[in-house]
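Residue-level structural notes
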Amino acid sequence: MRSYDAIVVGLGAMGSATLYHLALGGRRVLGLEQFKRGHELGSSHGDSRVIREQYFEHPLYVPIVQRAYELWRELEARTESRLMTLNGGLMIGPPDGMVVGGTLRSATEFELPHEVLTAAQVSERFPAFRLAEDLIAVWDPRAGFLEPESCNAAHIDGAWRASAEIRFEEPVIQWAPDGDGVRVQTSSGVYFADRLLFSAGAWSADLLRDLTLPLTVERQVAFWLEPDESTVSYDKSCFPIYAYEYIPGSVCYGFPRLARGVKASVMHGGELSPTPGEVRRNVEAGEIEPLRAALSAILPSLARARVLDSGVCLFTNTPDHDFIVDFHPQYRQVLVSSPCSGHGFKFASALGEIQAELLTTGSTRFDISPFRIDRFPDGLR
Ligand SMILES: Cc1cc2nc3c(=O)[nH]c(=O)nc-3n(C[C@H](O)[C@H](O)[C@H](O)COP(=O)(O)OP(=O)(O)OC[C@H]3O[C@@H](n4cnc5c(N)ncnc54)[C@H](O)[C@@H]3O)c2cc1C
């Protein structure tokens, strides 16, 4: 009988980070992943993820992202890898919009260094940007990007070096409480543990049918573009990450030029699927058009650029777009983690630490009360 202190189901961003922190804490842990290492079927692939401190969604995220910054740097040092580049960020929109207003709220509440820039000031400092006159930007000097494949690899390698047992291509098929612990059945065996973490991303609702979690799986397409750089540069030294509210409540975002091209995407608005298995994985030629239309008011040369590549990725959304990190309502030995809604990656290092704490001590110093399951009173999809 194979028995562990904790089993982690799903080794994407959240599972790999939690496994790492559990293993560093000396726990006997098993990580189970249904697919190959480095697969591209979930939510944690695609070269780049935005990290920003002045969180326009809500100030409650600021202390968590501040811890995440520290832990990404620690992970870089421990694994001698480059994971995070802080080239700054522009949060762009109308002055009374959600992005500008929310960014200023977090910046003010936490006294974070920031600058409010007019359209002309943005172009002066970052020549690729040509903002329509009615737009402004808030400059977040600590924003930048993470390299998700390297982040996940660093957590997995770190966990393995700290003696975690890791099994790829071994899906969890069933689980059940077993006294105070759990019993987990996979495609090749049965395991027991005192604690269980579900960090199964878009597959969470499937594994936790008893909870009927109100999660939806949304198809997202990212594009890698090749803008004309003869007069303006998209190099990270002079081209920050950005988020732009192009119509009220709708955001597109992007990155400087990295190895695969200049990546940009529209957030949300993708096709919804009942399960990840039904997501359309191909990308049609016309799917770039909403992104081109959105970019034309801030980055005209990028809006016209040739498409080099595209890729599909999955958002797992809650109705309010806040995360789920909470114990199973019936079984306190089981922790449920679904920090996505399109903005979870940056927090993975901190949520890994928080989730490891929750699994070992039952509590955390961070306020994660907004991530409770019982905020969905019916618990129904
Ligand atoms: C296009 C796109 C852009 C994004 N941009 C940003 C951004 O800029 N900044 C940001 O902070 N966030 C961003 N996000 C969100 C962020 O990437 C996600 O919040 C994060 O990756 C979620 O990680 P996860 O571990 O929950 O899910 P995943 O990484 O998908 O991991 C879940 C894992 O569980 C495994 N699994 C599922 N079922 C089983 C089973 N039965 N047995 C074993 N294993 C199983 C899956 O195979 C998968 O590997 C973006 C997401 C997408 C899709």
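Residues numbered from 1 in each chain as written. Predicted model: local features only at pLDDT ≥ 70, side-chain atom pairs only at ≥ 80, totals over all residues. Heavy atoms only, no water.

**Section: the overall build of the chain**
Note the cut-off: The helix count covers DSSP runs of H or I at least four residues long, the strand count covers runs of E at least two residues long, and both are numbered beginning at the N terminus. Taken over C-alpha atoms, the radius of gyration is set against a globule rule of 2.2 Å times the number of residues to the power 0.38. Each residue gets one of three labels from its accessible area relative to the maximum for its type: buried under 20%, exposed over 50%, partly exposed in between, using a 1.4 Å probe on protein chains only. Residues count as neighbours in contact if any of their non-hydrogen atoms are within 4.5 Å of one another.
Scanning the chain from terminus to terminus reveals nine helices and 20 strands. The C-alpha atoms of the chain give 21 Å as radius of gyration, which agrees with the globular expectation for 381 residues (21 Å, within 12%). Sorting the 381 residues of the chain into buried and exposed places 56% on the buried side. A separation of at least 24 residues holds for 74% of the contacts in the chain among residues at least 6 apart in sequence.

**Considering the environment of Ala23**
Tracing the backbone shows Ala23 in helix 1 (residues 13-24). A C-alpha to C-alpha distance of 9.7 Å links Ala23 and Ala6, two positions 17 residues apart in sequence. Aside from chain neighbours lying at most four places away, what touches Ala23 is Val29, Ala159, Ala162 and Ala164.

**Here we look at the site of the ligand**
Quick note on the threshold: We call a residue near a molecule or strand whenever a single non-hydrogen atom of that residue lies within 4 Å of it. For the purposes of these results, a polar contact is taken to be a pair of N or O atoms within 3.5 Å, where, inside protein, one atom must be able to donate a hydrogen and its partner to accept one; residues adjacent in sequence count only when each atom of the pair is a side-chain atom. Surface exposure here means Shrake-Rupley accessible area, sampled with a 1.4 Å probe, where a residue is shielded only by the protein chains that are shown.
Surrounding the ligand, one finds 35 residues, the nearest of these being Glu33, Ser44, Val50, Cys313 and Lys346. Contact distances for the ligand include 2.6 Å between an oxygen atom and a side-chain N or O atom of Glu33. With the chains in place, 97% of the 1,000 Å² that the ligand exposes on its own is no longer accessible. Mapped onto the shell around the ligand, the elements with two or more residues apiece are helix 1, strand 3 (49-51) and strand 18 (306-317).

**Considering the side chain of Ser341**
Among the structural elements, Ser341 can be located in the loop between strand 20 (334-338) and helix 9 (348-361). By relative accessible area, Ser341 is classed as buried at 3%. A polar side-chain atom of Ser341 sits 3.0 Å from the main-chain amide nitrogen of Thr318.

**A closer look at unusual backbone geometry**
For Glu80, which is not a glycine, the phi torsion comes out positive at approximately 50 degrees. Looking at the secondary structure, you find Glu80 in the loop between helix 2 (62-79) and strand 4 (84-85). Looking at Glu80, the relative accessible area reads 75%, which means it is exposed.

**What about the environment of His343?**
For His343, the location among the structural elements is in the loop between strand 20 and helix 9. The class for His343 is buried, based on a relative accessible area of 5%. Considered as a pair, His343 and Glu57 are 286 residues apart in the sequence and their alpha carbons are 9.4 Å apart. Setting aside residues no more than four positions away along its own chain, His343 makes contact with Tyr55, Glu57, Tyr61, His321 and Phe323.

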